[in-house]
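Architecture at a glance
The residues making up each chain are set out below.
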Amino acid sequence: MLALLLASVAGAGLVAWHMQRRAPPPVKLSFARLLPEPPVSETTERRFALTVPLGSVAFWLRMLALLAALGVLMVDMNRRGAVGDQGIGLRIVLDVTHSMGLPQDRVTRLDAARIVAEAALVQASASGQSVCTELVLAGANAGAPGAVSGLSDAAVRPEGGDVAALVAAAAGPVADCPLTHVLVVTDARKPALDWAPDGPVFLWHQIGESVANTGPRSVSFTPPGLGSGRAKIDLVVAGFGDVPAPVVWLDGPGGRIPVTLQPSPDRDQVWLGNATPNGAGHYVAVLEAGGAYGGDDRLAFVLPEVEGLAVDWRLAGLAAPRGVQGSGRDGLLVVDLADVGPEEWARPLLAVYPGWPNGGQVGRIGAFVQDPALLAAINLDAFELNAPRTVSGPLPPGFTPVLTDNAGGVYIARRSNPLGLIVPAPLRDGGEVEALSLTLFFTALADLAGRGTMLPAMEWRDAQGQVIEGAALESDTARALDAAPPLSLISPRATPAQDVPVWPLLALIALVALMAERALMLWRGVRHAV
Amino acid sequence: MIDPTEPPLSLNRLQRLRLALRKTVPSQTLGTHLRRKQGQSLQFRDYRAYQRGDDIRAVDWRASLRRGDDGDLIVKTFEAEERMTLVLIADVRPAMRLPQAAPKLIYALWALRCLAQVAAEAGDDVVFATVFGRQNANPLRARGRAVPDAARRFAREVWLADDPGLEAEPEARVDAIAALLKPASVVVLLSDMLFADTSGDVTRLAQAAQKNRRMLLVMEMDTLAMEYAAFALGGPVRLATVEGRAYGDTPRLFGNDIYDGLQTKVADHHNDLRRKWARSGLVWPDPVIWPVGLQRAGMADVFNTTFPLSPLFRAVAAQGGI
């Protein structure tokens with residue numbers, strides 16, 4: 001709207017300027033001094049008589065300059081650039097991830113890739129057409145395009161990368177070299193790509209023979225809790241190609257710890273292992289005979305110091321279990337529902353109410369929520385036969401029913417933040433209900449006190465101890481080797497058209513119109529003077 | 001860069017010409033021009049009786065014998081060869097740059113350079129000067145082969161000088177010229193002769209230029225018809241202030257009566273000047289008239305057809321020299 005208003009005002013101003021009729025300049029006569037006094041003209045002409053400027057070339061030139069200048073400010077458009085001449089614009093994407101250092105026919109995969117790239121450059125130069133080339137080194141991430149003279153200085157980096165970085169490097173923005181061909185030289189397989197059909201010719205040259213390899217993929221740590229008295233380390237080892245069963249041990253505080261590995265029941269070439277750590281500290285999972293690629297044979301990680309379970313135990317009739325240490329006001333509060341103070345509702349808590357004995361009532365389970373952490377250990381048929389009383393009165397704020405009877409009474413209620421459960425108090429009468437009540441109570445306690453599984457920070461190292469970032473991405477050295485595309489495809493091709501902004505063209509039009517207008521006026525002035 | 005003051009006349013044609021002045025005009029020392037007085041040239045002038053002091057080699061023995069017995073010897077006398085001085089004065093009033101389509105000043109500078117070229121061929125002296133020019137402008141003097149280059153520089157300086165504007169009445173500055181008239185043989189004034197000589201300085205200069213049997217040649221340029229026709233039929237026009245004459249911003253009407261009145265006033269003005277300037281050496285032939293519709297591109301043709309045939313040029317230059 002503003003653009004339209006501005007253009008209208010400017011255009012109207014220009015038209016008004018041209019619709020003036022200016023008085024001609026006074027005539028200069030060399031004999032004016034001797035001229036008899038001429039009579040004054042009686043007819044008067046209006047200084048600003050309107051005239052239609054449509055026949056004025058200067059008007060149209062100024063209008064063109066004005067519109068083009070407004071276009072520069074307001075038009076945000078691109079135009080399809082002209083298709084370039086026949087030539088070659090070659091981008092070489094070179095994989096410099098750690099696996100490119102694997103041996104390949106007495107050299108390394110990187111050396112072999114360099115030979116392929118140089119052959120491509122020779123092929124491009126042999127075309128006799130204009131050639132522009134650029135080199136992009138891709139490791140964990142795609143680098144910036146550079147000169148191909150950097151090919152000889154390219155070196156393997158201590159990092160792993162995936163094909164996404166290679167594809168990003170191949171499809172990166174074009175700078176000064178209009179691309180007609182993109183050549184990716186890597187040891188990774190070509191992924192499924194959605195490459196533009198009218199884009200540059202895409203060549204994926206895979207190198208490196210298929211060789212078997214094994215490597216630890218991940219590690220997890222389960223600290224000790226109510227359900228398990230000891231901490232545990234779980235390790236996943238993956239194999240690629242025809243590999244024997246791996247052998248892994250842990251080097252850490254207290255010496256070497258053997259890891260028991262079992263084949264995964266649902267995944268081929270994957271072994272699951274576990275071990276008991278010797279407390280907190282630095283550990284290294286060492287894989288023996290880890291295959292062709294050595295960068296992923298050692299997985300280092302750190303186990304944190306884990307404190308004991310802190311519980312504020314206030315149940316008089318039931319002793320706290322072993323492994324639970326008392327705490328002040330910060331730990332889990334285990335208390336009778338009737339004894340919860342007003343300010344203690346904000347703490348994580350396990351509250352019990354007197355559900356058993358139920359006085360001979362026969363309860364019927366009504367609606368309930370799937371809560372496997374809490375109800376998986378409970379036989380609901382047995383529960384229904386020995387159903388406790390429901391919570392008397394309304395539930396505290398934040399609690400929602402988990403298990404109710406058919407009359408709407410609540411047996412069990414849960415709060416998510418902060419954690420909280422309300423369950424029937426355990427009954428210690430030595431009868432059938434005691435086992436049920438204790439199972440329900442301690443399942444609830446374990447659920448609230450559980451700390452889950454932790455994923456420690458981990459990094460891969462080679463045999464010399466050098467850290468290899470993301471080495472697991474390089475482990476699959478046994479992938480199939482695809483046939484290399486012929487380099488003869490690197491032949492002259494019309495450089496693709498590109499979208500270019502319109503405003504420089506509009507600025508040029510405005511400039512040319514102004515120059516033409518000035519030249520016209522100058523020519524008229526000279527002609528008038530002559 | 002094209003020099004607008006470069007005359008369109010053929011240089012080869014000019015180089016075949018020499019100054020041809022009256023033999024009585026003043027001159028200087030030895031030169032190429034034969035004079036009516038006795039001198040040392042090879043041109044026979046007269047016989048006369050031998051007088052004491054005459055060179056004995058000048059005696060014409062054969063003529064003396066024919067004379068008889070009275071014993072008087074007869075000697076031969078020869079004409080003198082002396083150098084001329086040509087003074088070229090250009091009227092450089094801003095009005096001389098009019099009409100804009102075909103400035104009179106361009107024609108005047110072309111004529112000036114042509115005359116200077118003719119004088120240079122015989123090794124004569126040339127003095128270049130202006131009237132109504134800028135203050136403290138000294139005339140330029142050159143001799144022989146240096147004359148064409150001096151003429152070119154003088155013409156360019158005049159043409160490229162800052163235009164002081166038409167409005168003010170120009171002031172005649174002739175003092176520097178008067179001092180150079182003494183050795184002059186002939187003075188040429190290139191002007192439209194429309195200036196006002198209220199102080200009488202120009203008249204005094206004209207009179208001084210004719211003393212001692214010197215010649216004053218006036219080349220008048222007439223653009224009345226051409227300038228008047230360019231605007232008079234186009235309806236009312238406003239006139240610019242020129243040389244102190246202001247017409248205001250009111251459009252004026254022009255007709256034949258105004259033109260007739262103009263011619264009358266110009267003729268009166270010229271007659272007045274002629275009367276005041278009239279001495280024995282004044283040569284003021286008919287003017288060079290600008291054709292109606294003349295443009296800058298056509299000035300060269302007009303010059304080529306008018307200037308070589310003009311009375312002034314014919315009065316000054318002759319083929320082969322004298």
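About the criteria used
Each chain has its residues counted from 1, running along the sequence as written. Each chain is given a letter, starting from A, and each ligand a number, starting from 1, according to the order in which they appear as written. Since the coordinates come from a predicted model, pLDDT governs what is reported: local features require at least 70, and pairs of side-chain atoms require 80 or more to be given and counted, while whole-chain, interface and lining totals use all residues. Labels follow the DSSP assignment, with helices taken as runs of H or I lasting at least four residues and strands as runs of E lasting at least two, numbered in each case from the N terminus. Exposure classes come from backbone-placed C-beta atoms, where a residue is buried if 20 or more other C-beta atoms lie within 10 Å of its own, exposed if 12 or fewer do, and partly exposed in between. Contacts are defined on C-beta atoms placed from the backbone: any two residues whose C-beta positions lie within 7 Å are in contact. Between any two strands, at least two bridges found by DSSP are needed for them to pair. Under this grouping Gly is polar, as are all residues other than the nonpolar Ala, Val, Leu, Ile, Met, Phe, Trp, Tyr, Cys and Pro and the charged Asp, Glu, Lys and Arg. For every residue, the predictor states its confidence as a pLDDT score lying anywhere from 0 to 100. Angular values range over 0 to 180 degrees, each being the angle between N-to-C directions of two axes fitted as lines to C-alpha atoms, with helices fitted over their stretch in contact. Our angle categories are set so that under 35 degrees counts as roughly parallel, over 145 as roughly antiparallel, 65 to 115 as roughly perpendicular, and the remainder as oblique. When the near helix sits turned anticlockwise from the far one by under a right angle, the crossing is termed left-handed; a clockwise turn instead gives a right-handed crossing. For this analysis, nonpolar core means a set of buried Ala, Val, Leu, Ile, Met, Phe, Trp, Tyr and Cys residues linked through C-beta atoms within 7 Å. Regarding the arc, it is the one traced by the directions from the helix axis to the C-beta atoms.

1. Brief notes about the overall build of chain A
- Regarding its fold elements, chain A presents eight helices and 27 strands.
- Among the 530 residues that make up chain A, the fraction classed as buried is 33%.
- Taking contacts inside chain A between residues at least 6 apart in sequence as the whole, the part at least 24 apart equals 68%.

2. A look at the overall build of chain B
- Looking only at helices and strands, chain B has 10 helices and 11 strands in total.
- By the burial criterion, 38% of the 322 residues in chain B qualify as buried.
- Taking contacts inside chain B between residues at least 6 apart in sequence as the whole, the part at least 24 apart equals 81%.

3. Here we look at the sheet that holds strand S15 (residues 298-303) of chain A
Residues and elements named next belong to chain A.
- Taken in spatial order, the six strands line up as S11-S10-S14-S15-S24-S25 in an open sheet, and their pairing is antiparallel. In the strand order of this sheet, the two ends are held by strand S11 (255-258) and strand S25 (467-468), each with one partner.
- By the bridge criterion, six bridges tie strand S14 (residues 281-288) to S15 in an arrangement that is antiparallel. By the bridge assignment, Gly281 is partnered in S15 with Leu303.

4. Re the interface of chain B and chain A
- The partner chain A presents 18 residues to the 35 residues of chain B that form the contact.
- Secondary-structure elements contributing two or more residues to the side of chain B that touches chain A are helix H7 (224-231) and helix H8 (256-277) of chain B.
- Of the residues assigned to the side of chain B that touches chain A, the class counts are 20 nonpolar, six polar and nine charged.

5. Topic: the confidence of the model for chain B
- In this model, chain B carries a mean pLDDT of 82, and residues with pLDDT of at least 70 account for 85%.
- Interface confidence for the predicted complex, given as ipTM, is 0.80, next to a pTM of 0.46.

6. Points about the packing of helix H3 (residues 104-121) of chain B against helix H4 (residues 147-160) of chain B
Residue and element names in this part refer to chain B.
- Interaxial distance between H3 and H4 falls to 9 Å at its minimum, and their mutual angle equals 165°. Classified by the angle between their axes, H3 and H4 sit roughly antiparallel to one another. Relative to H4, H3 is oriented so that their crossing is right-handed. Along the contact surface, H3 presents Leu105, Leu109, Leu112, Arg113, Ala116, Gln117, Ala119 and Ala120, while H4 presents Val147, Pro148, Ala151, Arg152, Ala155, Val158 and Trp159.
- Taken together, the residues that form the contact of H3 with H4 break down as 12 nonpolar, one polar and two charged.

7. Structural notes on the sheet that holds strand S13 (residues 270-275) of chain A
Residues and elements named next belong to chain A.
- Read across the open sheet, the four strands follow the order S8-S9-S13-S12; overall the sheet is antiparallel. With one partner strand each, in any of the chains shown, strand S8 (213-222) and strand S12 (260-263) form the two edges of the open sheet. The average undirected angle you get between the axes of adjacent strands in this sheet is 25°.
- Bridging between S12 and S13 involves four bridges; their strand directions are antiparallel. Counterpart to Thr260 in the pairing with S13 is Asn274.

8. Section: unusual backbone geometry
- With an omega of -10°, the peptide bond between Asn417 of chain A and Pro418 of chain A qualifies as cis.
- Topologically, Pro418 of chain A is positioned in the loop between strand S22 (410-415) and strand S23 (420-424).
- With an omega of -10°, the peptide bond between Leu98 of chain B and Pro99 of chain B qualifies as cis.
- Take Pro99 of chain B: it is sitting in the loop between strand S4 (85-91) and H3.
- Phi at Phe132 of chain B is positive, roughly 65°, even though this residue is not glycine.

9. Side note on the nonpolar core
- Residues Leu88, Ile89, Leu112, Leu115 and Val188 of chain B are the most contacted members of the largest nonpolar core, which totals 87 residues.
- Residue contributions to this core peak at 14 residues, all from H3 of chain B.
- With residues near it in sequence (within four places) discarded, Leu112 of chain B still touches Leu88, Ala90, Ala151, Ala155 and Leu190 of chain B.
- With 37 residues, the next largest nonpolar core counts Val334, Ala444, Leu445 and Leu448 of chain A among its residues.

10. Let's talk about the pairing of S23 of chain A
All names here are of chain A.
- For S23, a buried count of five out of five residues is recorded, marking the element as mostly surrounded by other parts of the structure.
- As paired elements, strand S19 (residues 349-353) and S23 share five bridges and run parallel to each other. The partner of Leu349 across the bridge, within S23, is Gly420.
- Note that S22 and S23 share three bridges and pair antiparallel. Counterpart to Arg415 in the pairing with S23 is Gly420.

11. Some thoughts on the environment of Ala69 of chain A
Residues and elements named next belong to chain A.
- Considering the arrangement of structural elements, one finds Ala69 in helix H2 (residues 57-74).
- Ala69 sits in the partly exposed class, given 18 other C-beta atoms within 10 Å.
- Counting along the chain gives 441 residues from Ala69 to Ala510, while the straight-line C-alpha distance between them is 5.9 Å.

12. Concerning helix H6 (residues 201-208) of chain B
All names here are of chain B.
- For H6, the complete set of buried residues consists of Val202, Leu205 and Ala206. The buried side chains of H6 occupy one side of the element, clustering within an arc of 100° when seen end-on.
- Looking at the buried side of H6, the elements it contacts are strand S5 (125-131), helix H5 (175-178), strand S8 (215-222) and H8.

13. Let's talk about H7 of chain B
Residues and elements named next belong to chain B.
- Turning to H7, its buried residues are Leu224, Glu227 and Tyr228. The buried residues of H7 all sit within an arc of 95° when viewed along its axis, so they share a single face.
- Of the surrounding secondary structure, the elements contacted by the buried residues of H7 are S8 and H8.

14. Focus on the environment of Asn138 of chain B
Residue and element names in this part refer to chain B.
- Tracing the chain through its elements places Asn138 in the loop between S5 and strand S6 (140-143).
- Residue classification places Asn138 among the exposed positions, given that 9 C-beta atoms sit within 10 Å.
- Separated by 37 residues in the primary sequence, Asn138 and Asp175 have C-alpha atoms spaced 9.6 Å apart.

15. Examining the environment of Leu9 of chain B
All names here are of chain B.
- Turning to its location among the elements, Leu9 is positioned in the segment before helix H1 (11-15).
- With 104 residues separating them along the chain, Leu9 and Arg113 place their C-alpha atoms 10.0 Å apart.
- When sequence neighbours within four positions are dropped, the list of residues in contact with Leu9 reads Leu14, Cys114, Phe303, Asn304, Phe307 and Pro308.

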